[in-house]
Amino acid sequence: MRNLLQFIIKYSNFLLFGLLEIAALVLLFTFSSYPRSAYVSSANLVSGELYKASDAVTSYMHLGAENVALIEENARLLARIQELENQLEPYVENDSSRLYPDCNPYRYAHKAMRYIPAKVINIESGKRHNCFTLNKGRRDGIEEDMGVVDQHGVVGLICAVSERFSLVMPLINDQMQLSCRFKNDETYGPLVWNGVDPRYGQLINIARHANVHVGDTIITSGLTPAFPGGLMVGMVDEAVLKDSDAYYRIRVRYATDFRSIGYVQVVANDAMREQNNLENR
């Protein structure tokens, strides 16, 4: 207390000046309209900027939860779309845009498909045997050989599963091979990766009599139980055919950007295990 009294006595003039200054400002802003309006405007501007900054920080902190909600909603919508397509399929006749032509032996494999949302939590790239780690595993319904897609197109296949995590063999793995076809016709061929550029794959075994053009859309063929037919894979970036060649050399630009992949959907085909057991007898 003694020190406090000494401080007040020592700085009494300064404290008195401060109190008088505060009183003068209060009187000025209370009884004078122009200074009061200027003060209110300035205060609103400052508080508005503070609220804006606070809202930006709060929104950023909630982005993770919002992304999870969006990816789960996307999974529900994909499942609903698949269900509606199944219901409409018996009524579609002579439609060249059908994803499952009559000659497709896996025509009915897609009827039991679901979509499980997951997040990529680790990426091993820059190799020939690249793989991604997902934050979902066996307890979430994920099994080996299930397909993986994102909002742009096909990502790869589940190659290993633990209780809480799973590994994806993406299209940019030189051991990965995906059956594809051209969107505008029934020309089929396997898509592989040469281990060089993660933006491009090679569509092989396309005979020279096929009608191939740069810009053609490449989709899944439906011949692989892990994927329904018609999923986006990429577009023809280059098609080379020399006079001595029996097959095209086709470079496909992937629809998925494997350098910035984040959230994915695991395609759960409930009938895949039954189908594989039957075919392996």
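Residues numbered from 1 in each chain as written. Predicted model: local features only at pLDDT ≥ 70, side-chain atom pairs only at ≥ 80, totals over all residues. Heavy atoms only, no water.

1. Some points on the packing of aromatic side chains
For step 1, the next point in the chain: Under the counting rule described, the total for this entry stands at two aromatic pairs.
For step 2, the next point in the chain: A ring pair is formed by phenylalanine 132 and phenylalanine 258, whose centres lie 6.3 Å apart and whose planes are at 35°; its orientation type is tilted. Of this pair, phenylalanine 132 sits in strand β2 (residues 131-134) while phenylalanine 258 sits in the loop between β11 (249-254) and β12 (263-269); the two residues are 126 residues apart in sequence, bridging distant segments of the chain.
For step 3, the next point in the chain: According to the relative accessible area criterion, phenylalanine 132 is buried, its value standing at 1%.
For step 4, the next point in the chain: Accessibility expressed as a relative area gives 3% for phenylalanine 258, which makes it buried.
For step 5, the next point in the chain: Taking the centre distance of 5.4 Å and the plane angle of 85° together, the rings of tyrosine 254 and phenylalanine 258 count as edge-to-face.
For step 6, the next point in the chain: Since its relative accessible area comes to 6%, tyrosine 254 is described here as buried. (Phe/Tyr/Trp six-rings, centres within 6.5 Å; stacked < 30°, edge-to-face > 60°. Helix = DSSP H or I, 4+ residues; strand = E, 2+ residues; numbered from the N terminus. Buried < 20%, exposed > 50% of the residue type's maximum accessible area, 1.4 Å probe, protein only.)

2. What about the sheet that holds strand β8 (residues 200-203)?
For step 1, the next point in the chain: Taken together, six strands build a closed barrel; the order of strands is β6-β7-β8-β11-β10-β9 and the barrel is antiparallel. Here the average twist between neighbouring strands, direction ignored, is 40°.
For step 2, the next point in the chain: Direction of pairing for strand β9 (residues 217-220) relative to strand β10 (residues 232-240): antiparallel, over a ladder of three bridges. Looking at β10, one finds that isoleucine 218 is bridged to glycine 234. (Pairing = 2+ DSSP bridges. Axes fitted to C-alpha atoms, helices over the stretch in contact; angles between N-to-C directions.)

3. Structural notes on the pairing of strand β5 (residues 166-170)
Consecutive side chains along a regular strand alternate between the two faces of the sheet.
For step 1, the next point in the chain: Most of β5 sits out of view: four of its five residues are buried.
For step 2, the next point in the chain: Relative to β5, β2 runs antiparallel, the two being bridged by three bridges. Bridge pairing in β5 links threonine 133 to leucine 167.
For step 3, the next point in the chain: Note: strand β4 (residues 154-161) against β5, five bridges, orientation antiparallel. Across the sheet, valine 161 pairs through a bridge with serine 166, a residue of β5.
For step 4, the next point in the chain: Between the antiparallel neighbours β4 and β5 lie four residues.

4. Thoughts on the confidence of the model for the protein
For step 1, the next point in the chain: Averaged over every residue, the pLDDT of the protein is 77; the share at 70 or more is 63%.
For step 2, the next point in the chain: Long-range and interchain partners of residues 93-110, a stretch whose pLDDT sits below 50, account for 34 contacts in this model, where long-range means more than four residues apart. (pLDDT = per-residue confidence, 0-100. Contact = heavy atoms within 4.5 Å.)

5. Some points on the sheet that holds β12
As a general point, the strands of a sheet are linked pairwise by backbone hydrogen bonds and lie either parallel or antiparallel.
For step 1, the next point in the chain: What the six strands build is a closed barrel, ordered β1-β2-β5-β4-β3-β12; its pairing is antiparallel. Mean inter-strand twist for the sheet, computed between neighbouring axes without regard to direction, equals 45°.

6. Some points on the nonpolar core
For step 1, the next point in the chain: Ile158, Leu171, Leu203 and Ile250 are the most contacted members of the largest nonpolar core, which has 45 residues in total.
For step 2, the next point in the chain: Leave out the neighbours within four places in its chain, and isoleucine 158 touches Leu134, Ile142, Glu143, Glu144, Asp145, Met146, Val148, Ser166, Leu167, Val168 and Val266. (Core = buried A, V, L, I, M, F, W, Y, C linked by side-chain atoms within 4.5 Å.)

7. Topic: the pairing of β8
For step 1, the next point in the chain: Both faces of β8 are covered, namely the face carrying Tyr200 and Gln202 and the face carrying Gly201 and Leu203.
For step 2, the next point in the chain: Across two bridges, strand β7 (residues 188-192) lies against β8 in antiparallel orientation. Counterpart to valine 192 in the pairing with β8 is glutamine 202.
For step 3, the next point in the chain: As paired elements, β8 and β11 share four bridges and run antiparallel to each other. From the neighbouring strand, glutamine 202 faces β11, where its bridge partner is arginine 251.

8. Examining the pattern of salt bridges
For step 1, the next point in the chain: By the definition in use, this model includes six salt bridges.
For step 2, the next point in the chain: One salt bridge in this structure joins arginine 181 and glutamate 186, with 3.8 Å as the shortest N-O distance.
For step 3, the next point in the chain: Arginine 181 gets classed as buried once you look at its relative accessible area, which sits at 3%.
For step 4, the next point in the chain: Relative accessible area serves as the criterion here: at 39%, glutamate 186 is assigned to the partly exposed category.
For step 5, the next point in the chain: Two residues, arginine 199 and aspartate 197, come together in a salt bridge whose shortest N-O distance is 2.8 Å.
For step 6, the next point in the chain: Overall, arginine 199 belongs to the partly exposed group, its relative accessible area being 32%. (Salt bridge = Lys/Arg side-chain N within 4 Å of Asp/Glu carboxyl O.)

9. A word on a nonpolar patch on the surface
For step 1, the next point in the chain: On the surface, Tyr11, Phe14 and Leu15 cluster together into a nonpolar patch covering about 310 Å² of accessible area.
For step 2, the next point in the chain: Mapped onto the secondary structure, tyrosine 11 falls in the loop between α1 (2-10) and α2 (12-31). (Patch = residues over 30% accessible without salt bridge, like charges linked within 9 Å, V, L, I, M, F, W, Y side chains within 5 Å. Areas by Shrake-Rupley, 256 points an atom, 1.4 Å probe, with all protein chains shown as cover.)

10. Examining the side chain of threonine 256
For step 1, the next point in the chain: Summarising the element assignment, threonine 256 is placed in the loop between β11 and β12.
For step 2, the next point in the chain: Of the polar contacts made by the side chain of threonine 256, one reaches the side chain of aspartate 150; its length is 3.0 Å.
For step 3, the next point in the chain: Not counting chain neighbours up to four residues away, the residues in contact with threonine 256 comprise Asp150, His152, Gly153, Val154, Val155 and Ile261. (Polar contact = N/O pair within 3.5 Å; in protein donor to acceptor, adjacent residues only side chain to side chain.)

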